[in-house]
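A look at the structure
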Amino acid sequence: MTHHENGAAHVKELVEDQRTAMLTTVHAETGALTSRPMTLQEVDEDGTFWFLALADSATAHEIQAHADVNVAFTKEGAWVSVAGKAEVRRDPAKAKELWNEFAKTWFQKEPEDPAVAVIRVDGDTAQYWDSPGRAATVVEMVKARLTGDRPDPGESRTVDL
């Protein structure tokens, strides 16, 4: 049982201010896991993650061949790993909604361009570790040394999305 009534909402809270995620796909030919940094454009309350990509990219091809993916985030004091299914969409309206100056500069295209794809990841489960922060962690480590007990690293849970 998590300390948070709504696990998906807590996952969103942990990742919504993060720009970079590691998206792991299955290589279409070798079956090897392949990870690359992707810019998170949006995360919904229900555990849906949105990215932009080129429609002919290796990322898009790998997702089209095998929908199982993992999206991982890390920042000081919090780690999140989301397992789910991805879908590559040709959706100019959603691309336009997600579009920003960074996307315009990166892609050198407009959101309506057929070369622009939207990647939707629907999370099935998320594993997270939400630590109390650096100072509290140091206190826990000192206390553990003195008492011989294991330190309390914070909250670690797996939640359904």
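It should be noted that the structure appears before, not after, this text.
Anyway, here's the lowdown on the structure attached to this text. Note that the structure is a prediction, hence the values are computed from the model and not measured. (Residues numbered from 1 in each chain as written. Predicted model: local features only at pLDDT ≥ 70, side-chain atom pairs only at ≥ 80, totals over all residues. Heavy atoms only, no water.)

**Quick look at the pattern of salt bridges**
For the structure shown, the criterion picks out 11 salt bridges. E42 is paired through a salt bridge with K94; the nearest N and O atoms lie 3.1 Å apart. One end of the pair, E42, is in strand β3 (residues 42-43); the other, K94, is in helix α3 (residues 92-98), with 52 residues separating them in the sequence. Judged by its relative accessible area of 24%, E42 falls in the partly exposed class. Given the relative accessible area of 11%, K94 is considered buried. Salt bridges sharing common partners tie together K12, E16 and E45. (Salt bridge = Lys/Arg side-chain N within 4 Å of Asp/Glu carboxyl O. Helix = DSSP H or I, 4+ residues; strand = E, 2+ residues; numbered from the N terminus. Buried < 20%, exposed > 50% of the residue type's maximum accessible area, 1.4 Å probe, protein only.)

**Side note on the packing of aromatic side chains**
Here the structure, examined in full by the defined rule, presents four aromatic pairs. When the centroid spacing of 6.2 Å and the interplanar angle of 15 degrees are considered together, the rings of F102 and W106 count as stacked. Placement of both F102 and W106 in helix α4 (residues 101-107) is noted, with a separation of four residues, approximately one turn of the helix. Sitting over the face of the ring of W50, K94 holds its NZ or CZ atom 4.2 Å from the ring centroid. (Phe/Tyr/Trp six-rings, centres within 6.5 Å; stacked < 30°, edge-to-face > 60°. Lys NZ or Arg CZ within 6 Å of the ring centre and 35° of its normal.)

**Observations concerning the nonpolar core**
Core analysis: the largest hydrophobic core is formed by 27 residues, its most contacted members being F49, F51, I119 and V121. For this core, the elements supplying multiple residues, two or more each, are α1 (7-15), β1 (20-26), β4 (48-54), α2 (58-65), β5 (68-75), β6 (78-89) and β7 (116-130). With near-sequence residues (within four places) excluded, F51 lies in contact with A21, M38, T39, L40, Q41, V71, L98, A117, V118, I119 and V121. With nine residues, the next largest nonpolar core counts W50, A103, F107 and V118 among its residues. (Core = buried A, V, L, I, M, F, W, Y, C linked by side-chain atoms within 4.5 Å. Contact = heavy atoms within 4.5 Å.)

**Thoughts on the side chain of T59**
With respect to the helices and strands, the residue T59 is situated in helix α2. For T59, a relative accessible area of 8% gives the class buried. If sequence neighbours within four positions are ignored, T59 has contacts with L23, R36 and I119.

**Some words on the side chain of Q41**
Along the chain, the position of Q41 falls in the loop between β2 (33-39) and β3. Engagement of the side chain of Q41 in a polar contact is seen with the side chain of N100, the distance being 3.2 Å. Contact partners of Q41, with chain neighbours within four places excluded, come to R19, W50, F51, L52, L98 and N100. (Polar contact = N/O pair within 3.5 Å; in protein donor to acceptor, adjacent residues only side chain to side chain.)

**Focus: the environment of K75**
Note that K75 resides in strand β5. Separated by 57 residues in sequence, K75 and Q18 have C-alpha atoms that sit 8.0 Å apart. With residues up to four places along the chain from it excluded, the contact list for K75 reads L14, D17 and Q18.

**Describing the pairing of β7**
Judged from the seven bridges that link them, β4 and β7 form a sheet pairing that is antiparallel. Bridge pairing links A53 to A117 in β7. Where β6 lies against β7, 12 bridges are found, and the strand directions are antiparallel. Paired with A78 across the two strands is D130, which belongs to β7. In the sheet, β7 pairs with strand β8 (residues 155-160) via six bridges, with the strands oriented antiparallel. Residue W129 lies in a different strand from β8, and its bridge partner there is S156. (Pairing = 2+ DSSP bridges.)

**Focus on unusual backbone geometry**
Positioned with a positive phi, Q108 is a non-glycine residue whose angle comes to about 55 degrees. You can see Q108 is positioned in the loop between α4 and β7.

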